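Each chain is listed here by its residues.
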Amino acid sequence: MNGTLNVTPAIPELFVFTMACLILVVDLYIRKEQRVISYGLTLLTLGVGALLSLSSFSAEPVFTFNNMFVDDALSDVVKIAICLITLVVFVYSRDYIEARGLYKGEYFVLGLFAVVGMMVMASANHFLVLYLGLELLSLSLYSMVAFQRDSALATEAAMKYFVLGALASGMMLYGMSILYGLTGSLDIPTVRQAVGGMSADDVVLIFGLVFVLVGLAFKLGVVPFHMWVPDVYHGAPTSTTLFIGTTPKIAGFAIVIRLLIGGLEDLHGTWRDMVIILAVLSIGTGNLIAIAQTNLKRMLAYSAISHMGFMLLGILAGTPTGYSAAFFYILVYAFMSLGAFGMILLLSREGFEADELDDLKGLNQRNSWYAALMLLLMISMAGIPPAVGFFAKLSVIQAIIDVNLVWLAVIAVLFAVVGAFYYLRVIKLMYFDPPDEGVQAIEAATDLKVVMGVNAWAVLLVLPWIGPIQQLCLTAVASVMNGFVS
Amino acid sequence: MSFTQLAFYFFAAIMVFAAAMVITIRNPVKAALFLVLAFVSGACVWMTLEAEFLAIVLVLVYVGAVMVLFLFVVMMLDVNLTRLREGFGEYLPIGGLVALLMVVEMVIVLSADSFDQQNMPRPEPHGEDYSNTKELGRLLYTFYVYPFEIAALILLVAIIAAIALTLRKRPETKYQNPAEQVAVQREDRIRLVKMAAERRKDEQ
């Protein structure tokens, strides 16, 4: 241990944290009509946070804080994605939260603290740091769900989220404590070395692994640990649902990589079977139950469950291409989910939530531009070519075929076809059903419209750059796998 | 059996008993008091592990502050527990069975030789001049400074969330505004009325 601390690699986190504290204070001194200052500062923070993460990009991992913090390609890509997506989340949310009395400085500050939590998770190289980052994220999210305090639905959702989240944290901590007991360290590379020296059939080791995996599964919301997902997505204010449904998934992926691949890759043979069960159940249950939903938010929640299952396919393949396919999948999913929930925000107005499927009826006649954007997002989520969602599904399925799990690929594709039904139903409602009598015209701010347009068209326009993005994902996961040699 | 072992089993037994009572007893105030007992026995177990500072902090912070606050809240809220407890026993047989099975399985798994005396040797006892507090402080502020700061951040989020979720101005409630009270002028309170002098009737 040397005397000085090198804080340079952690500058993005430190910046976002400092700005969050600054906004908290600034917000006290401004009048209600000037709240746009807090909003602007929040966007600025996230933009600069992304730039700082970009500028610290390096393929070689840099360790600091006594090896508890690692700045590698994975953490940088994850941080950039988190900052940019959260920025768009807040742009989409502004009008919605303003109409519902949630337009307060604390909402943005809690969002920024959640971002700091996710950045800490992305850079964690120590079980303790990973857990604390997760708690920082979760606590901010619980309170953002409960923020609409007059809504009984939101309060109930926050309560469920809190209780099940605490249970999941308990599970994960118990697993980590068992691993600590066996390996004598919480430092992820040290754990990896110690596990490498043990028998993969060590029953206590598997016992610890199971608890860690259950905790992760809870946080990702995969079947059978998914019970909270639909209720929280449905009950939370849509702006918060948008936030929960996008960036925490990327952060969740990062901790799965850090724990299962960074720390416990030598147990791959053991956790692979467990992850197969989680993935199959998620893809199946998520897609089947989504068909029965009449609420758009609930439908997208079940779709999120099935997408998490698809992401796990890439993880369980156990190859670098598999991991990078999973990373690519989660990035694409977060982006599509951003657009889909953003569309609900855009169609909602004061005193009205456009979260029922019937609210989309005849959208083409009311506003063909929005209908076209939603169409793009839905075909991408369903995985229909040429949208980017297709390439994401293709790459994870390719990865499991490469490791001879053809039966699993067949199941995944079959359920993807089942899932296409409910995405196509949305398109049918928009284009072939007449609108209800007396629906109001759709109004939205210009900046929101522009961002929404870019968001939706990106699922097509990104196609020429899919190769470089996948290459970037490969570099990122490779940095985790190689970084631990040092 | 040495005295330390005897002390350990004594306090551990009390702790397990108190913890079981916390979740089974019907009266919330009594449950909180049993939690206090569990904390105190836990502190005593930590004493046998030479973690003196943590033991004292557990008693001071959890028993002294957190549980007292908790008792206040329980007493002030006046929760109707008979209604909350409805249907509690409904799932008890099956839930209890599952829990019992899991505990037995976990005991079987964890009593494997990974955690026995050979693999987990007793740590060397520290000398007389060893300061538990000093060592903890040094580790917390040097080696673990990063997680320590994140923990502080979590507390900050908890404060912000608690205030944001509970603070709101309701127009019907009466409250004092100290700033206005201090800034008040004599003229705001007293009005001097100039009147012509009058003579009493009986003096006329």
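Rules used throughout
Numbering of residues starts from 1 in each chain and follows the order in which that chain's sequence is written. Chains carry letters and ligands carry numbers; both start at the beginning, A for chains and 1 for ligands, and go up in the order they are written. Since the coordinates come from a predicted model, pLDDT governs what is reported: local features require at least 70, and pairs of side-chain atoms require 80 or more to be given and counted, while whole-chain, interface and lining totals use all residues. The side-chain figures draw on all heavy atoms in the structure; neither hydrogens nor water molecules are used. Only DSSP runs of H or I with at least four residues qualify as helices, and only runs of E with at least two residues qualify as strands; both kinds are numbered from the N terminus onward. Based on C-alpha atoms, the radius of gyration is set beside the globule rule, defined as 2.2 Å times the residue count to the power 0.38. For every residue, the accessible area obtained with a 1.4 Å probe (protein chains only) is divided by the maximum for its type, and the residue is called buried under 20%, exposed over 50%, and partly exposed between those limits. Residue contacts follow a heavy-atom distance rule, with two residues in contact if any of their heavy atoms lie within 4.5 Å. The method behind every accessible area is Shrake-Rupley, applied with a 1.4 Å probe, and residues are considered shielded solely by the protein chains displayed. In this count, Lys and Arg are taken as positive residues and Asp and Glu as negative ones, while His and the chain termini are left out. To locate a charge, take atom NZ for lysine, CZ for arginine, CG for aspartate or CD for glutamate. Like-charged residues within 9 Å of one another, or nonpolar side chains (Val, Leu, Ile, Met, Phe, Trp, Tyr) within 5 Å, are grouped into patches, provided each residue has over 30% relative accessible area and no salt bridge. The rule for a salt bridge is simple: a side-chain nitrogen of Lys or Arg has to be within 4 Å of a carboxyl oxygen of Asp or Glu. Aromatic rings from Phe, Tyr and Trp, taking only the six-membered ring of Trp, are treated as a pair when their centres fall within 6.5 Å; an angle between ring planes under 30 degrees marks them as stacked, one over 60 as edge-to-face, and anything in between as tilted. By definition here, charges over rings are those cases where NZ of Lys or CZ of Arg is within 6 Å of the ring centre and within 35 degrees of the ring normal. Buried area: the accessible area, evaluated with a 1.4 Å probe, that two parts lose upon being put together, summed over both parts. Throughout this description, a polar contact denotes any pair of N or O atoms lying within 3.5 Å of each other; where both atoms belong to protein, one of them has to be capable of donating a hydrogen while the other can accept it, and for residues adjacent in sequence the pair is counted only when both atoms sit in side chains. Definition of nonpolar core: a set of buried residues of the types Ala, Val, Leu, Ile, Met, Phe, Trp, Tyr and Cys, connected through side-chain atoms within 4.5 Å. Values of pLDDT, the confidence the predictor places in each residue, fall between 0 and 100. Orientation is described by lines fitted to C-alpha atoms, with helices fitted over the stretch in contact, and by angles between N-to-C directions that extend from 0 to 180 degrees. If an angle is under 35 degrees, it is roughly parallel; if it is over 145, roughly antiparallel; if it lies from 65 to 115, roughly perpendicular; otherwise it is oblique. Two helices crossing with the near one rotated counterclockwise from the far one by less than a right angle form a left-handed crossing, whereas a clockwise rotation gives a right-handed crossing. Polar here means any residue other than Ala, Val, Leu, Ile, Met, Phe, Trp, Tyr, Cys and Pro, which are nonpolar, and Asp, Glu, Lys and Arg, which are charged; Gly is therefore polar.

Student: What exactly am I supposed to notice about the overall build of chain B here?
Tutor: For chain B, the count of helices and strands is 9 helices and 0 strands. Starting at the N terminus and ending at the C terminus, chain B contains elements arranged as α-α-α-α-α-α-α-α-α. Whereas a compact globule of 204 residues would reach a radius of gyration of roughly 17 Å, chain B reaches 30 Å, over 25% beyond that. Each principal axis of the C-alpha atoms in chain B carries an extent, and together these give about 115 × 55 × 35 Å. Buried residues in chain B amount to 17% of all 204 residues. Counting contacts in chain B only where the partners sit at least 6 residues apart, residues at least 24 apart contribute 53% of the total. Total accessible area on chain B is roughly 16,700 Å²; 66% of this is exposed by carbon and sulfur atoms. For chain B, the separation between the mean place of its 18 positive charges and that of its 20 negative charges on side chains is 19 Å.

Student: Looking at this structure, how should I read a positive patch on the surface?
Tutor: Taken together, the side chains of Lys 32, Lys 104 and Arg 149 of chain A together with Arg 170 of chain B present a region of like positive charge at the surface. Its location among the elements puts Lys 32 of chain A in the loop between helix 1 (11-29) and helix 2 (36-55).

Student: Just checking my understanding: could you explain the packing of aromatic side chains for this structure?
Tutor: Ring pairs (aromatic) are described by centroid distance and by the angle formed between their planes. Counted by the stated rule, this structure contains 29 aromatic pairs over all chains. Both rings, one in Phe 17 of chain A and one in Phe 113 of chain A, keep their centres 6.4 Å apart while their planes meet at 45°; by these two values the pair is tilted. With a gap of 96 residues between them, Phe 17 of chain A in helix 1 and Phe 113 of chain A in helix 4 (residues 105-122) connect regions that are remote in the sequence. Under the relative-accessibility criterion, Phe 17 of chain A is labelled partly exposed at 28%. Both rings, one in Phe 143 of chain B and one in Tyr 144 of chain B, keep their centres 5.0 Å apart while their planes meet at 80°; by these two values the pair is edge-to-face. The exposure class assigned to Tyr 144 of chain B is partly exposed, which follows from its relative accessible area of 25%. Connected via pairs of aromatic rings, a cluster forms that spans Tyr 39, Phe 90, Tyr 103, Tyr 107, Phe 108, Phe 147 and Phe 243 of chain A. Lying over the aromatic face of Tyr 96 of chain A, Arg 100 of chain A brings its terminal NZ or CZ to 3.9 Å of the ring centre. Residue placement shows Lys 393 of chain A over the ring face of Phe 310 of chain A; its charged tip is 4.8 Å from the ring centre.

Student: How do you make sense of the interface of chain A and chain B when you look at a structure like this?
Tutor: Many structure descriptions define interface size as the accessible area lost when the parts assemble. Listed per partner, the contact involves 38 residues of chain A and 25 residues of chain B. Summed over both partners, the interface of chain A with chain B buries about 2,800 Å², with 81% contributed by carbon and sulfur atoms. Taken together, the links from chain A to chain B amount to 0 salt bridges. Linking chain A with chain B are 4 residue pairs in polar contact (both at pLDDT 80 or more), by the criterion used here. Where the side of chain A that touches chain B is concerned, the elements lending two or more residues are helix 1, helix 4, helix 5 (127-145), helix 6 (152-183) and helix 8 (203-220) of chain A.

Student: Even after reading the chapter, I still don't get the nonpolar core, so can you show me in this structure?
Tutor: In globular proteins that are soluble, nonpolar side chains generally tend to be buried together. Grouped together as the largest cluster of nonpolar side chains are 201 residues, with contacts concentrated most on Trp 271, Met 311, Ile 315 and Phe 327 of chain A. With 20 residues, helix 14 (residues 320-347) of chain A is the largest single contributor of residues to this core. Ignoring anything within four residues of it in the chain, the contact list for Trp 271 of chain A reads Leu 209, Leu 260, Ile 261, Leu 264, Ile 315, Leu 316 and Tyr 323 of chain A. Membership of the second largest hydrophobic core comes to 9 residues, among which are Ala 32, Phe 39, Leu 58 and Val 63 of chain B.

Student: I keep staring at the confidence of the model for chain B and nothing clicks. Help me out?
Tutor: The predicted coordinates should not be examined in detail at positions where pLDDT is low. Residues and elements named next belong to chain B. Looking at chain B, the pLDDT average stands at 86 and 94% of residues meet or exceed 70. Taken element by element, the predicted model of chain B shows its lowest mean pLDDT in helix 4 (residues 81-84) (62) and its highest in helix 7 (residues 145-166) (93). Here the complex is predicted with pTM 0.90, and the ipTM for its interfaces comes to 0.91.

Student: Sorry if this is basic, but what is going on with the environment of Val 232 of chain A here?
Tutor: Residue and element names in this part refer to chain A. Along the chain, the position of Val 232 falls in helix 9 (residues 228-235). A relative accessible area of 0% places Val 232 in the buried class. Taking the C-alpha atoms as reference points, Val 232 and Gly 284, separated by 52 residues in sequence, lie 21 Å from one another. The contact partners of Val 232, leaving out residues within four places of it in the chain, are Val 145, Ala 157, Tyr 161, Thr 241 and Ile 244.

Student: Explain unusual backbone geometry to me, please; I cannot follow it from the model alone.
Tutor: Note on backbone geometry: most residues besides glycine have negative phi, and most peptide bonds are trans. Of note, the amide linkage connecting Val 223 of chain A to Pro 224 of chain A takes the cis form, showing an omega dihedral of 0°. Here Pro 224 of chain A lies in the loop between helix 8 and helix 9. Although it is not a glycine, Phe 65 of chain A adopts a positive phi angle of roughly 50°. The residue Phe 65 of chain A is located in the loop between strand 1 (62-64) and strand 2 (69-71) in this model. Here the phi dihedral of Glu 50 of chain B falls at roughly 65°; this positive angle occurs in a residue that is not glycine.

Student: Would you mind showing me how to read the packing of helix 3 (residues 73-99) of chain A against helix 11 (residues 247-263) of chain A here?
Tutor: When two helices pack together, you describe them by how their axes are tilted relative to each other and by the distance separating the axes. Residue and element names in this part refer to chain A. One can describe the packing of helix 3 onto helix 11 by two numbers: an axis separation of 9 Å at closest approach and a directional angle of 165°. With respect to their mutual orientation, helix 3 and helix 11 come out roughly antiparallel. Viewed along their axes, helix 3 and helix 11 form a crossing whose handedness is left-handed. Mapping the contact onto sequence places Leu 74, Ser 75, Val 78, Ala 81, Ile 82, Ile 85 and Thr 86 in helix 3 and Thr 247, Ile 250, Ala 251, Phe 253, Ala 254, Ile 257 and Arg 258 in helix 11. Each residue belonging to the contact of helix 3 with helix 11 can be placed in one class, and the counts come to 10 nonpolar, 3 polar and 1 charged.

Student: Sorry, what's going on with the packing of helix 3 of chain A against helix 19 (residues 446-461) of chain A here?
Tutor: All names here are of chain A. Orientation of helix 3 relative to helix 19, taken along the N-to-C sense of each, is 140°, at an axis distance of 10 Å. Relative to helix 19, the element helix 3 is oriented oblique. By crossing handedness, the relation of helix 3 to helix 19 is classed as left-handed. Here Val 88, Val 91, Tyr 92, Arg 94 and Asp 95 of helix 3 come into contact with helix 19, specifically with Asp 447, Leu 448, Val 451, Met 452 and Asn 455. In terms of residue class, the contact of helix 3 with helix 19 is built from 6 nonpolar, 1 polar and 3 charged.

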